[in-house]
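Coordinates in review
Read off the chains here:
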Amino acid sequence: QAQLVESGGGLVQPGGSLRLSCAASGFRLDYYAIGWFRQAPGKRREGVSYISSSDGEAYYADSVKGRFTIYRDNAKNLVYLQMNSLKSEDTAVYYCAAGLGSEVSVAWETGYEFGAWGQGTQVTVSS
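Predicted, not measured: the structure shown is a model, and the values here were computed from it.

1. Topic: the nonpolar core
- Among the nonpolar cores identified, the biggest contains 27 residues, and Leu4, Trp36, Phe68, Val79, Leu81, Met83 and Tyr94 are the most heavily contacted of them.
- Of all elements in the fold, only strand 3 (18–25), strand 4 (34–39), strand 5 (46–51), strand 7 (68–73), strand 8 (78–83), strand 9 (92–99) and strand 11 (121–125) reach the threshold of two or more residues within this core.
- Setting aside anything within four residues of it in sequence, one finds Met83 in contact with Gly16, Ser17, Leu18, Leu20, Arg67, Phe68, Tyr94 and Val123.
- Counting residues in hydrophobic clusters, the runner-up holds seven residues, among them Ala33, Tyr50, Val104 and Phe114.

As structure tokens, then:
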């Protein structure tokens, strides 16, 4: 059965960096659009970034533009989220998810166009 697993979270100081990884078993990530989402306690789930399968184009929420980068390593069946210049506001549980196809719509941030989800990895940005 399809399964996603996130890794790479941890505790970092403001201004620091982390790289999150999304790994799959049971299917290949390069067949699908892959999204990263996050949720902090008491807040709604937020779309962070996604990368399409058909053309590899990446999209980012305004809050992370210029700081985060999503990219694939298809040989390893992985999708990464490189996070730089981290802020306390980035503290959340981060999830990766596979889209229902190679592309998603302008409503991707709702998460409704994504199927398989990982269990999440905690990112804490604090001094």
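2. A word on unusual backbone geometry
- Within the chain, Asn77 stands out as a residue other than glycine whose phi angle is a positive 55 degrees.
- A positive phi is found at Ser85, a non-glycine position, where the angle reads about 50 degrees.
- Relative to the assigned elements, Ser85 resides in the loop between strand 8 and strand 9.
- Residue classification places Ser85 among the partly exposed residues on the basis of a relative accessible area of 41%.

3. A few points about the layout of surface pockets
- In this structure, the largest pocket spans a volume of roughly 160 Å³.
- Together, Arg38, Gln39, Ala40, Lys43, Arg44, Glu46, Ser88, Glu89, Thr91 and Ala92 line the largest pocket.
- Tallied by class, residues from the lining of the largest pocket come to two nonpolar, three polar and five charged.

4. Thoughts on the packing of aromatic side chains
- Evaluated as defined, the whole model comprises nine aromatic pairs.
- Counting every residue linked through ring pairs, the aromatic cluster contains Phe37, Tyr50, Tyr59, Trp108, Phe114 and Trp117.
- If you follow Arg19 out to its NZ or CZ, it ends over the ring of Tyr80, 4.2 Å from the centre.
- Against the face of Phe37 rests Arg45, its NZ or CZ located 5.7 Å from the ring centre.

5. Description of the sheet that holds strand 8
- The sheet built from four strands is open, its strands ordered 1-3-8-7 with antiparallel pairing. Taken across any chain shown, the strands that pair with only one partner, and hence form the sheet edges, are strand 1 (3–7) and strand 7. Across the sheet, the axes of successive neighbouring strands diverge by a mean angle of 20 degrees, strand direction being ignored.
- The pairing of strand 3 with strand 8 spans six bridges and is antiparallel. By the bridge assignment, Leu18 is partnered in strand 8 with Met83.

Each value, and the rule that gives it
- Residues numbered from 1 in each chain as written.
- Predicted model: local features only at pLDDT ≥ 70, side-chain atom pairs only at ≥ 80, totals over all residues.
- Heavy atoms only, no water.
- Core = buried A, V, L, I, M, F, W, Y, C linked by side-chain atoms within 4.5 Å.
- Buried < 20%, exposed > 50% of the residue type's maximum accessible area, 1.4 Å probe, protein only.
- Helix = DSSP H or I, 4+ residues; strand = E, 2+ residues; numbered from the N terminus.
- Contact = heavy atoms within 4.5 Å.
- 1 Å grid on protein atoms, 1.4 Å probe; cavity = no way out; pocket = protein on both sides within 12 Å on 5 of 7 lines; lining within 4 Å.
- Points joined across faces, edges and corners; volume = space filled by probe spheres on them.
- Nonpolar A, V, L, I, M, F, W, Y, C, P; charged D, E, K, R; others polar.
- Phe/Tyr/Trp six-rings, centres within 6.5 Å; stacked < 30°, edge-to-face > 60°.
- Lys NZ or Arg CZ within 6 Å of the ring centre and 35° of its normal.
- Pairing = 2+ DSSP bridges.
- Axes fitted to C-alpha atoms, helices over the stretch in contact; angles between N-to-C directions.

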